[in-house]
Amino acid sequence: MKVDGTPYRSIWPAANGQDAEIIDQTRLPHEFVTTSLKTLDDAARAIKDMWVRGAPLIGATAAYGMALAIRDDASDSRIAEAYDVLYATRPTAVNLRWALDDMRPRLLVLPESERRAAAWQRAAEICDEDVGINSGIGDHGLPLIEAAWERKGRSGTVNVLTHCNAGWLATVDWGTATSPIYKAFEKGIPVHVWVDETRPRNQGAGLTAWELNHHGVPHTVIVDNVGGHLMQHGQVDLCITGTDRTTAHGDVCNKIGTYLKALAAHDNGVPFYVALPSPTIDWTIGDGVREVPIEQRDATEVSQVYGRTPDGRLTTVQIVPDGSACANYAFDVTPSRLVTGLITERGVCVASADGLAGLFPDRVQSGAA
Ligand code: MRU
């Protein structure tokens, strides 16, 4: 999407043909800084420390991480080491495993001399595929926004609530939850986005608001507890969130707090959609609440807040008393019964085993109990 008129992706091969370039998302929204990943360790650190984040972008970065890892040593053991290092970075988004499982066998069947070029080519393909998938999600999600506008008699604005950042910064381009929004905006539908701030790391306030702002999409940042109130007062026409892992039964794991929004939507009859690129489906598990590993991150993300002071300084401040314990659960699971539909690159389906199998009969695996 565009940053002040200039099209960007969130990751791209560097002009030197050696490195991968990313936007350092820890610096947003106050600074727009791009940086080079030169080594396996750079890629692993970028994922772990969330310079890049969002399920699809984590997968794409892992693919480039594998390419960087075998720059000087493309042996089987180096590929195994790179797999393990990258896989250990973050536990919840299944796209990480998906990308590594895609890359590894393709490389291992090749002679060592051909692996490096093949890795760069496949990483680029994974990025292009992600862009196509997310554009497809936008095409299939757009009618849901159009229908909401029709229900309002084509007057006023369509108010979409989203949580965290499932925007283009979380993918290679378009975003997942934001893709239907960007397509509606391009089509001239008056769309307005309620952006949950998404504590503790504020991906909504810092990233979703930033990208909507730079693309020109009307939006309002709200604190995480406001959504239920807005829904009670008819100010949310639909919710669209992303997902880090959706089970074969349609349970959705996404940024912490998504579940509470789904409960509020259910109670108020507000449609709750999840935008789902197929690499985010974990076909090996069924019960999301029991089976999805939930990342727990450093307590300082809860006890401290980073921001800009009125005089322009960027700084971190502590917001809890010395000595108070903080818990930092990064994701939660929304059971499929609370999800109105899954918006995929192949169409919209019911959040259920049958719904997913109907759209992806070629991917279903037996064994997801
Ligand atoms: O911890 P993050 O910022 O990686 O979490 C990201 C999310 O929860 C997104 O909603 C999800 O990855 C979907 S991205 C298209």
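Every chain begins its residue count from 1, and numbering advances along the sequence as written. Per-residue local features of the predicted model are confined to residues with pLDDT of at least 70, and side-chain atom pairs are confined, for both listing and counting, to 80 or more; whole-chain, interface and lining totals are unaffected and use all residues. Hydrogens and water molecules were not included; the side-chain quantities draw on all heavy atoms of the structure.

Okay, the overall build of the protein chain next. Working definition: helices are DSSP H or I runs of at least four residues, strands are E runs of at least two. Numbering for both runs from the N terminus. A tally of regular secondary structure across the protein chain gives 12 helices and 18 strands. A compact globule built from 369 residues would reach a C-alpha radius of gyration of about 21 Å, and the protein chain, at 20 Å, matches this within 12%. Taken across its 369 residues, the protein chain has 56% of its residues classed as buried. Note on definitions: a residue-residue contact is assigned when non-hydrogen atoms from the two residues lie within 4.5 Å. Considering only intrachain contacts with a sequence separation of at least 6, the fraction spanning at least 24 residues in the protein chain is 75%. Exposure was quantified through the Shrake-Rupley algorithm and a 1.4 Å probe, taking into account, for residues, occlusion by the shown protein chains and nothing else. Accessible surface, the protein chain: about 14,800 Å² in total, of which carbon and sulfur atoms supply 50%. On the protein chain, the mean spot of the 33 positive side-chain charges and the mean spot of the 46 negative ones are 2 Å from each other. For this measure, only C-alpha atoms enter the radius of gyration; the expected value for a globule follows 2.2 Å times N^0.38, where N is the number of residues. Relative accessibility under 20% of the residue-type maximum defines a buried residue, over 50% an exposed one, and the middle range a partly exposed one, all with a 1.4 Å probe and only protein chains included. Working convention for charge: Lys and Arg count positive, Asp and Glu count negative, and His plus the chain ends are omitted. To locate a charge, take atom NZ for lysine, CZ for arginine, CG for aspartate or CD for glutamate.

Bringing the domain arrangement of the protein chain into the picture now. What marks off one domain from the next here is an automatic or database domain assignment. Along its sequence, the protein chain is organised into domain 1 (2-129) and domain 2 (137-359). Between domain 1 and domain 2, the C-alpha centre-to-centre distance is 24 Å. Between domain 1 and domain 2, the contact holds 33 residues from the first and 36 residues from the second. For any pair of parts, buried area is found by adding up, for both, the accessible area (1.4 Å probe) each one loses once the two are put together. A combined buried area of about 2,900 Å² lies between domain 1 and domain 2, and 56% of that area is made up of carbon and sulfur atoms.

With that out of the way, let us pick up the packing of aromatic side chains. Only Phe, Tyr and Trp rings are paired, with Trp represented by its six-membered ring, and only when their centres lie within 6.5 Å; those with planes under 30 degrees apart are stacked, over 60 edge-to-face, the remainder tilted. Under the definition given, this model contains 7 aromatic pairs. Here a set of aromatic residues connected by ring pairs shows up, and it is made of Tyr8, Trp12, Phe32, Trp168 and Trp210. Any Lys NZ or Arg CZ that is within 6 Å of a ring centre and within 35 degrees of that ring's normal is treated as a charge sitting over the ring. Above the face of the Tyr83 ring, Arg104 is positioned so that its terminal group lies 3.8 Å from the ring centre. Seen from the ring of Phe331, Lys255 lies directly overhead, with NZ or CZ sitting 4.1 Å from the centre.

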